[in-house]
Amino acid sequence: MDADRTAWEQRSVVRVVAPVEPRKLAKVPFVELADGRLQGVVSSGSDIERVYVSSITAGTHALSCSTNNNRPCGALHGYACKHIRMLADEAVLQYGMDRVARYLRVEVAEDGDLIGSLNRLVERTPAAVVFSRFLRHLAYLEVPDSTEPLAELHWFPAMGAVR
Ligand SMILES: [Zn+2]
């Protein structure tokens, strides 16, 4: 990990972290370990116009899920809704179980059930913060490939933020 971090510090461009396993981008278009949370955007199963912003806070393991319009997710009642489960599954594909568990500071039980190993605390995290990061992420996907540093990305140390 330290080697990674050092490599990042010596580069002025942020490397896109390749997923450990292929991910289902249509269902979970955005997942990141940032701001002390595993957070991301999950498509609604029933309504293509709607997305859910879901997160699990590191340390406290507080669960949050709401639509991009800040409506609370009706399925989140003291246990993880399917959006949070999908987010966690995709995070494990993206980062690997060890890294996700370490970031969230969770002891994963032997059955490998990350969600089942969390406390069942529900806390509403404002969706707007996560959603605006998602939109910014989309915007950067449209920036043409270049080896020149993108000045704004110095504020988003994607690799440095995950320890
Ligand atoms: Zn939900």
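Our structure's up above, just so we're on the same page.
Calculation criteria
- Residues numbered from 1 in each chain as written.
- Predicted model: local features only at pLDDT ≥ 70, side-chain atom pairs only at ≥ 80, totals over all residues.
- Heavy atoms only, no water.
- Helix = DSSP H or I, 4+ residues; strand = E, 2+ residues; numbered from the N terminus.
- Buried < 20%, exposed > 50% of the residue type's maximum accessible area, 1.4 Å probe, protein only.
- Contact = heavy atoms within 4.5 Å.
- Areas by Shrake-Rupley, 256 points an atom, 1.4 Å probe, with all protein chains shown as cover.
- Donors = N, O, S within 2.8 Å, 3.2 Å for Na, K, Ca; no water.
- Tetrahedral: all angles 85-135°; square planar, octahedral: opposite > 155°, others 65-115°.
- Salt bridge = Lys/Arg side-chain N within 4 Å of Asp/Glu carboxyl O.
- Patch = residues over 30% accessible without salt bridge, like charges linked within 9 Å, V, L, I, M, F, W, Y side chains within 5 Å.
- Pairing = 2+ DSSP bridges.
- Phe/Tyr/Trp six-rings, centres within 6.5 Å; stacked < 30°, edge-to-face > 60°.

A. Representation of the overall build of the protein chain. Looking only at helices and strands, the protein chain features 4 helices and 4 strands. Listing each helix as α and each strand as β along the protein chain from the N terminus yields α-β-β-β-β-α-α-α. Expressed as a percentage of its 163 residues, the buried residues of the protein chain come to 38%. For the protein chain, the share of sequence-separated contacts (at least 6 apart) that also reach a separation of at least 24 residues comes to 57%. With an accessible surface of roughly 9,700 Å², the protein chain has 53% of that area assigned to carbon and sulfur atoms.

B. Structural context of the coordination of the zinc ion. At the metal site, the zinc ion is ligated by Cys65 (SG), Cys73 (SG), Cys81 (SG) and His83 (ND1), and these contacts range over 2.0 to 2.3 Å. Taken together, the 4 donor atoms coordinating the zinc ion and their angles of 105 to 114 degrees define a geometry best described as tetrahedral.

C. View of the pattern of salt bridges. Under the counting rule described, the total for this entry stands at 4 salt bridges. As a salt-bridge pair, Arg133 and Glu32 come within 2.6 Å of each other at their nearest N and O atoms. Taken together, the positions of Arg133 in helix H4 (residues 127–141) and Glu32 in strand E1 (residues 30–34) put the pair 101 residues apart, joining distant regions of the chain. The partner of Asp47 in a salt bridge is Arg50, with the nearest N and O atoms 3.6 Å apart. We classify Asp47 as partly exposed; its relative accessible area is 26%. If you follow the salt bridges from partner to partner, you end up with Glu32, Asp35, Arg37 and Arg133 in one network.

D. Local environment of the side chain of Ser66. Tracing the backbone shows Ser66 in strand E4 (residues 63–67). Once you skip the residues sitting within four places of it in the chain, Ser66 turns out to touch Val51, Tyr52, Val53, Arg71, Pro72, Cys73, Thr125 and Ala127.

E. A nonpolar patch on the surface, seen in detail. Among the surface-exposed residues, Leu135, Leu138 and Leu141 lie close enough to one another that they form a single nonpolar patch of about 280 Å² accessible area. Here Leu141 shows up in helix H4. A relative accessible area of 60% means that Leu141 is categorised as exposed.

F. Region of the structure containing the pairing of E4. The element E4 is largely enclosed, with a buried count of 5 among its 5 residues. In textbook terms, the turn of a hairpin is the stretch between consecutive antiparallel strands, and for strand E3 (residues 51–57) and E4 this stretch comprises 5 residues, one of which, Gly59, has a positive phi near 85 degrees.

G. Just the packing of aromatic side chains, in detail. Scanning all chains against the criterion turns up 2 aromatic pairs. Ring geometry for Phe30 versus Phe134: centroids 5.5 Å apart, planes at 35 degrees, classification tilted. Here Phe30, found in strand E1, pairs with Phe134, found in helix H4; they are 104 residues apart in sequence, far enough to count as distant. Judged on exposure class, the residue Phe30 and its partner Phe134 are both buried. Relative to Phe134, the ring of Phe131 lies with its centre 5.7 Å away and its plane at 55 degrees, an arrangement referred to as tilted. Taken together, the residues Phe131 and Phe134, both in helix H4 and 3 residues apart, mark about one turn of the helix. Given a relative accessible area of 17%, Phe131 falls into the buried group.

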